Amino acid sequence: MAKTAIQELSAENATLKRELHARDQHIAILEEKLRLALHKRFAASSEKASSDQPDLFNEAEAISAEAVAEEATTTVPEHKRRKRGRKPLPDHIPRTRVEHDIPEHEKICACGCRKSRIGETVSEQLDIVPAKIQVLQHVRFKYACMSCEGVEDDGPAVTIAPLPPQPIPKSNASPGLLAHIVTAKFQDGLPLYRQETMFARIGVELPRSTMANWMIRVGDLIRPLINLMQEVLLGYDVLQMDETTLQVLKEKDRAATSKSYMWVARGGPPSSQVILFTYDPSRSSAVPMALLADYEGYLQTDGYEGYTAVAKREGIIHVGCLAHAKVYPERSP
C-alpha cells in the first residue's frame, strides 16, 4: 500500500511540474509581448507615423479618397440617406469647350431629310496644363537727339527706359520663378535637388546651388514681412511654442550629425493666426527668452525645462499641454 501511495504521489508531482513549466512559459510569452508593446508605444523611434496620416504607399488597401468625396449626405425625416454621385467641379475653374459632332452622313434621316440639332449633352472632365516655362525679354528703348552731340565727346546723350525693380538685381530669375521655387520647397516639400531634376526634364539647366543662393536672397527680402508677423504674434495674449530637432548638413564648425532645432511659435488672433519658424543650433533657454522678449500673456508649452526661465518673467502665465499629460488609472485605497 505504501509503495502504491508513493507512486501516485510521484505521478501527481510530475504532472504538477509539467503544468508549472507550461505556465511559466506562458507567463514568459505574455511578458515579452507586453515588453514589445511598451517599447513600440513609448521607446524612441526615428520613423514615427502620425495617427492622422494614412498609409501613403499601400494604395490598394487604402480607401479611395475619391469614393469618399463622392458620398455626400442628405438629411431626410427620421434618418440619413447617403447621396452618391460625383461632386460638380468648382465654378471658378475656366472651361474650355471641346465639341464632338456626328459624321455628315449620319445627319441625313432615312426619309431623306436633314436632321436638325435639338440640343446637346455636356459632360465635364478635370484637366491640368503642365507648368509652362518661358523667357521674359525686357526690351528697354533708348533715345538720343541726333541733331546735337550732347555734353559728351563720344556722341549724343542717350536716354534709356529704366528696368522695373527686380527681387534679385542682375539675376535672370523673375519674381514668378522665385515664388514657384519657394512654394515648391517650403509648402510642397520639394527639395532643391528634386526641383533641379524637374527643371532639367523640361530642358532648363538650373543648378541647386543657384536656387539655394536665391532662397537666401529671398529670405532677406521678406524680412519686413516676418517682422510684421512677429508683431502680430506677440501682440495677442495666447501663444503656443515648441521645438523640434533638425539636422543641417555642411554647417560651419559643426558635424553633420549635430542636432539643431527649429523653434515654432503659433499665436495671433483666431481669424488671422501666425505660425513662425525660427532656426537655432541650440536648445538653450536663451532662445525662447529672445523670441518672446516683448510678449505678455498665456504661454502654452510642453514640459521641457528650457521654457522655465521665460515662464517666470512678469506678464507671462505658463500653461501646460494636455497632449503631454499622463493619466494614471484609479487605485483602490
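Every value quoted in this text rests on a predicted model; they were computed, and no experiment measured them.

Draft legend 1. Expanded view of helix H3 (residues 175-187). In this model H3 runs 17 Å from its N-terminal to its C-terminal C-alpha over 13 residues, within 8% of the 18 Å that 1.5 Å per residue would give. Within the span of H3, buried status applies to Leu177, Leu178, Ile181 and Ala184. With its buried residues spanning 135° around the axis, H3 presents them on a single face. Exposed residues pointing more than 90 degrees away from the buried face of H3 are listed as Phe186 and Gln187. On the buried face of H3, the contacting elements are helix H4 (192-201) and helix H5 (208-221).

Draft legend 2. Unusual backbone geometry, seen in detail. Not every positive phi belongs to a glycine, and Lys170 is a case in point at roughly 60°. Residue placement: Lys170 occurs in the loop between strand E4 (158-160) and H3. For Lys170, a relative accessible area of 91% gives the class exposed.

Draft legend 3. Local environment of H4. Residues of H4 that are buried: Leu192, Gln195 and Phe199. Along the axis of H4, the buried residues cluster in a sector spanning 55°; they form a single face. Residues of H4 that are exposed and point over 90 degrees away from its buried face: Ala200 and Arg201. Along its buried surface, H4 packs onto H3 and H5.

Draft legend 4. Representation of the sheet that holds strand E8 (residues 297-300) within the structure. Spatial ordering of the open sheet is given by E7-E6-E5-E8-E9, a layout of five strands whose pairing is mixed. The strands lining the two open edges of the sheet, one partner per strand, are strand E7 (274-280) and strand E9 (316-319). Averaged over neighbouring strand pairs, the angle between their axes works out to 25° when direction is ignored. Its contacts with the sheet put helix H6 (residues 223-235) on strand E5 (238-246), strand E6 (260-267) and E7, and the angle it makes with E7 is roughly 115°.

Draft legend 5. Up close: the environment of Leu190. Assignment of secondary structure puts Leu190 in the loop between H3 and H4. A relative accessible area of 23% places Leu190 in the partly exposed class. Ignoring sequence-local partners within four residues, the contact set of Leu190 consists of Ala184, Lys185, Gln195 and Met198.

Draft legend 6. Quick look at the pattern of salt bridges. Enumeration over the complete set of coordinates arrives at 10 salt bridges. The salt bridge involving Glu99 is made with Arg97; its shortest N-O contact spans 2.8 Å. In this structure Glu99 comes out as exposed when scored by relative accessible area, which is 61%. Residue Arg97 is classed as exposed on the basis of its relative accessible area, which comes to 55%. In this structure, the salt-bridge partner of Lys107 is Glu104, at a minimum N-O distance of 3.1 Å. The buried category is assigned to Lys107, whose relative accessible area is 15%.

Draft legend 7. Quick look at the packing of H3 against H5. Contact geometry of H3 with H5 gives a least axis separation of 11 Å together with a crossing angle of 95°. Overall, the two elements H3 and H5 adopt an arrangement that is roughly perpendicular. Across the interface between the two elements, Leu177, Leu178, Ile181, Val182, Lys185 and Phe186 from H3 touch Met211, Trp214, Met215 and Val218 from H5. When grouped by side-chain class, the residues that make up the contact of H3 with H5 number nine nonpolar, no polar and one charged.

Draft legend 8. Region of interest: the packing of aromatic side chains. A full pass over the atoms with the stated rule returns two aromatic pairs. Aromatic ring contacts, followed pair by pair, group Trp263, Tyr304 and Tyr307 into a single cluster. Over the ring of Tyr304 we find Arg283, and its NZ or CZ is 3.8 Å from the ring centre.

Cut-offs used in this document
Residues numbered from 1 in each chain as written. Predicted model: local features only at pLDDT ≥ 70, side-chain atom pairs only at ≥ 80, totals over all residues. Heavy atoms only, no water. Helix = DSSP H or I, 4+ residues; strand = E, 2+ residues; numbered from the N terminus. Expected span 1.5 Å × (residues − 1). Buried < 20%, exposed > 50% of the residue type's maximum accessible area, 1.4 Å probe, protein only. Arc of directions from axis to C-beta. Contact = heavy atoms within 4.5 Å. Pairing = 2+ DSSP bridges. Axes fitted to C-alpha atoms, helices over the stretch in contact; angles between N-to-C directions. Salt bridge = Lys/Arg side-chain N within 4 Å of Asp/Glu carboxyl O. Parallel < 35°, antiparallel > 145°, perpendicular 65-115°, else oblique. Nonpolar A, V, L, I, M, F, W, Y, C, P; charged D, E, K, R; others polar. Phe/Tyr/Trp six-rings, centres within 6.5 Å; stacked < 30°, edge-to-face > 60°. Lys NZ or Arg CZ within 6 Å of the ring centre and 35° of its normal.

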